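In case you want the letters, here they are:
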Amino acid sequence: MVKPCSFIFFFFLSFGYCFISKAQSVVPEWDNKLIKVKPVIPISAYSFNLKDVQLSPGSPFYHARSMDSAYLVLINPYRLLTRFYINAGLSPKDSLYGGWENSGLSGHTLGHYLSAASMMYASTGSIVLKNKIDILIHELNAIQIKRKSGYLGGIPLEDSIFAKVQRGQIKSSGFDLNGGWSPWYTVHKIMAGLCDVYLYTSNPMALTIVTKMADWVHQTVNGLNDSTRLKMLNCEYGGMNDVLANIYSFTGNKKYLKLSYKFYDEFVMGQLAKGIDPLPGKHSNTNVPKAIGSARQYELTGQVRDKKIADVFWNVMVHDHTYSIGGNSNYEYCGDAGKLNDGLSDNTCETCNTYNMLKLTRHLFSWSPGSNYMDFYERALYNHILASQHPNTGMMTYFVPLRMGTKKTFSDTFNTFTCCVGSGMENHSKYQEQIYSHDGKNILFVNLFIPSELKWKQQDLSMSLKGDFPNENTFSLTLNSQPKANTIIAIRHPFWSDKIGLQINDIPIENLTESNGYVMLKHKFKKNDVIRITLNESLYTEPMPDNPDRVSFKYGPLVLAADLGKSEPGELDIPILPSEERSINHWLKKSSSGNLAFELKNNTKSTSVELKPFYQVYDSYYNVYFDYMTTQQWDKVKSDHFAEIERIKNLESHTIDYIIPGKPEDEKKHNLTNSERSYVEDALGRPGREARSENYFQFELLVNPSVKNQLVLTYIGDDKNRIWDILLDDTLLSTVDWKGGKTGKFYDLTYDLPTTLIDGKQKVMIKILANHGKTAGRIFGARTIFIN
């Protein structure tokens, strides 16, 4: 990875603040001049303009934003535009970026970048980023004029894909639409980015461009009958309902509101409207944006069905599908409700999902402000979003792994550009957006305890939130101006603090009144008043919903992780709690190395184990979940471990030949060849190779026809419901129907090699063929062995 050099920070920070317009949010805001259509429902908690809240230096959030801003400065607008130029028949002005920008989702990063740079400009006033935004808008306008249709994109085969859609020709699966990779997803990102440019930089050309795109969407889908439309919606379509509803709110043209409901499906949204949890077996991030769109539609129409979709989705996701860090999904999919214990892997908690869940939470909080929403928001913000960025490089995670003894993997500067790099650009640009809210009258909600400065113009109130929370449990609010006489300050009482103490100018406030988890502080406030808040941070455990013997350790809002060092731990190096004892003080004590550092004692490791906030662990292997075990259970773990070592030794002693698919030197040695859609993906530190439907990979292995031979293939329990054929020199050897197994466990399956197929041969070609409409593999090892 490339570390941004220190001069980048100087370059960025040397520019002063220069706000030429108000930064806006689509979550309801009190005085929003750029939005013509106001909510038709009662709003109880309005958002503040981003520029009205400034992060104070010194917090990890301020640092994360600084790293993100430095990264945004590095991005070259012309490279983001490369395929946009090419698809419009224009000459590109620079080379294409790598990763997903060099694949079927090309163009999605440009949309994310427009959003992130616009919010960063609103937050910091960076003229550098404003200039980059203006370049992109100028070029996109020229490209759109050249294309004439109103469409903008950089997707391979896009004209063919959408022409077929308009004709009602739909070939669709979860991520494929007429041969394209989730094309509506990319269209949504571009349109959302243009909307954010309009909102956060007051650029009217951005609104003109995105409105023309919305007209193109109308032309493409409005004529589809319902059965064809629903067939199209089988493919991931991002937040198309959300962005079209927003364009209606900007323009007042009801055509776009009606169009937004063309992106309503029955198999998820229809189920939610009935109060049914449809998420088991569903791709998480395909569906969170749908609920956001329904939330926005409810604000603009008052339709109860839309509200129910958003409410039910939030509740089932948060209460039935969310891990302790606030993230959800394993291998991007939700499992059965309340069943998380067997879903700890290197592919838990896709970061995009939480990015979108925070958006949804903000909408629901605006309708009915309560600490339940902000408790989740705080948990996800500290323990997933903040933990998803490398603090030294500014790079981002796709997944935040929760397997015991795992490690985070961060993006490359210019050669990754996954969906979570795109949303990651946005995540770290807007930390101040939910620190405060207000009711549009006289109530100020203090939702998060992040050091910051607020200007509430409506109440003539300027205020500072100071303190080193969560390192310290006391912080203060200083009123820097004289507020209006009826001002009420509502301070969240988080679930993890059994009490909350308040003082005004060092005088304790007794008989506190709470409403929906907020202390309602009514006082004749005056300039320079200091409100001191004390919370009771303590250690506690959060068990898996389906396994009380597997817990995460928490301190206040923070998830604590065991730092297991820079070397990958073995199975017996993972700390286990071998006792019937459940008292937190039996396991943890404060460490001398820092306020938020703890020592894990009385565990199976002979050396001490340090626990610290999860967001502070980035280059080390770690544990977030810990198992309680009896002595007998621990003895069995050790016994099974050593038995497995002996089994592998015996296997190796009988091996004729061995390949690790995905390991370059092995693949070269064994003449591995593959079709286009065959990919390498690691698990538990081991590479494995798979082939998507109608694709293959094949390799040579030595055999010994003088003895009985077998083929041994290594699979992983994480992979479920995969079917493929194994061919030996183009003859069918076996059809594999792999249902999966225990998450995080490798399985060796053995196949006899008939003597008729290997007689007289020194080597054979093994082909892994995905010809059953399913993925083939992953294969983490393949060997031929002889049987005595």
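Caption draft 1: View of the overall build of the chain. Scanning the chain from terminus to terminus reveals 22 helices and 35 strands. For 788 residues, the compact-globule formula gives about 28 Å, and the C-alpha radius of gyration of the chain, at 28 Å, lands near that figure. With respect to the principal axes defined by its C-alpha atoms, the chain has extents near 95 × 70 × 55 Å. Per-residue burial over the chain gives 61% buried out of 788 residues. Across the chain, every contact between residues at least 6 apart in sequence was considered, and the portion connecting residues at least 24 apart equals 72%.

Caption draft 2: Region of interest: the pairing of strand E6 (residues 443–446). Residues Ile443 and Phe445 of E6 are buried on one face, and the alternating residues Leu444 and Val446, pointing to the opposite face, are buried as well. In this sheet, E6 lies alongside strand E5 (residues 436–438) in antiparallel orientation, the contact comprising three bridges. Bridge assignment links Tyr436 to a residue of E6, and that residue is Val446. One ladder, built from four bridges, connects E6 with strand E10 (residues 488–492); its direction is parallel. Across the sheet, the residue bridging to Phe445 is Ala490, located in E10.

Caption draft 3: Representation of the environment of Asp725 in the model. In this structure, Asp725 sits in strand E30 (residues 722–728). Note on Asp725: relative accessible area 8%, which makes it buried. Distance in space between the C-alpha atoms of Asp725 and Val736 is 6.1 Å, their sequence separation being 11 residues. Setting aside its immediate chain neighbours within four residues, Asp725 contacts Leu732, Ser734, Thr735, Lys767, Ile768, Leu769, Asn771 and His772. Reaching out from Asp725, the side chain makes a polar contact with the side chain of His772 at a distance of 2.9 Å.

Caption draft 4: Molecular detail of the environment of Leu757. One can find Leu757 in helix H22 (residues 755–758). Through-space distance from the C-alpha of Leu757 to that of Pro705 is 9.3 Å; in sequence the pair is 52 residues apart. With sequence-adjacent residues up to four places away left out, Leu757 is seen in contact with Leu728, Asp729 and Thr731.

Caption draft 5: Representation of the packing of aromatic side chains in the model. Scanning the entire structure with this criterion turns up 38 aromatic pairs. A ring pair is formed by Tyr198 and Phe250, whose centres lie 5.3 Å apart and whose planes are at 55°; its orientation type is tilted. Taken together, the residues span a long stretch of sequence, with Tyr198 in helix H8 (residues 183–201) and Phe250 in helix H11 (residues 240–251) at a distance of 52 residues. By relative accessible area, Phe250 is classed as buried at 1%.

Caption draft 6: Molecular detail of helix H17 (residues 371–385). Here H17 spans 19 Å end to end across 15 residues, near enough to the 21 Å set by a 1.5 Å rise per residue. Within H17, 14 of the 15 residues are buried, leaving the element largely enclosed by the surrounding structure.

Caption draft 7: Quick peek at the packing of helix H5 (residues 108–124) against H8. Contact geometry of H5 with H8 gives a least axis separation of 7 Å together with a crossing angle of 20°. With respect to H8, the axis of H5 lies roughly parallel. The element H5 and its partner H8 pack so that their crossing is left-handed. When H5 is examined against H8, the residues His108, Gly111, His112, Leu114, Ser115, Ser118, Met119, Tyr121 and Ala122 are found in contact with a partner set consisting of Tyr185, Thr186, Lys189, Ile190, Ala192, Gly193, Leu194, Asp196, Val197, Tyr200 and Thr201.

Caption draft 8: Summary view of the sheet that holds strand E15 (residues 530–535). What the seven strands build is an open sheet, ordered E2-E7-E8-E9-E15-E11-E12; its pairing is antiparallel. Since the sheet does not close on itself, it has two edges, and those belong to strand E2 (53–55) and strand E12 (507–508), each with one partner. The pairing of strand E11 (residues 500–504) with E15 spans five bridges and is antiparallel. By the bridge assignment, Ile504 is partnered in E15 with Ile531.

Criteria and thresholds
Sequence order sets the numbering: in each chain, residues are counted from 1 along the sequence as written. For this predicted model, a pLDDT threshold of at least 70 governs which residues receive local features, and a threshold of 80 or more governs which side-chain atom pairs are given and counted, while totals over whole chains, interfaces and linings are taken from all residues. Water and hydrogen atoms play no part in the side-chain values, which are based on all heavy atoms of the structure. Each helix is a run of H or I in the DSSP string that is no shorter than four residues. Each strand is a run of E no shorter than two, and both are numbered from the N terminus. As defined in this context, the radius of gyration uses C-alpha atoms, and a globule is described by 2.2 Å times the residue total to the power 0.38. Burial classification: accessible surface area is computed with a 1.4 Å probe over protein chains only, and a residue below 20% of its type maximum counts as buried, one above 50% as exposed, and the rest as partly exposed. The criterion used for residue contact is that any of the two residues' heavy atoms lie within 4.5 Å. Only strands joined by at least two bridges in the DSSP assignment are considered to pair. Nitrogen and oxygen atoms within 3.5 Å of one another constitute a polar contact, given that in protein one can donate a hydrogen and the other can accept it, and given that sequence-neighbouring residues count only through two side-chain atoms. In summary, the pairing rule links any two rings of Phe, Tyr or Trp, Trp by its six-membered ring, whose centres are within 6.5 Å, and it sorts them by plane angle into stacked for under 30 degrees, edge-to-face for over 60 and tilted for everything else. Expected helix span is computed as 1.5 Å times (number of residues minus one). Axis lines are fitted to C-alpha atoms, over the contacting stretch for helices. Their N-to-C directions set the angle, which ranges from 0 to 180 degrees. Note that the term roughly parallel is reserved for angles under 35 degrees, roughly antiparallel for angles over 145, roughly perpendicular for angles of 65 to 115, and oblique for everything else. Here is the rule for handedness: rotate from the far helix to the near one, and if that takes an anticlockwise turn smaller than a right angle the crossing is left-handed, while a clockwise turn gives right-handed.

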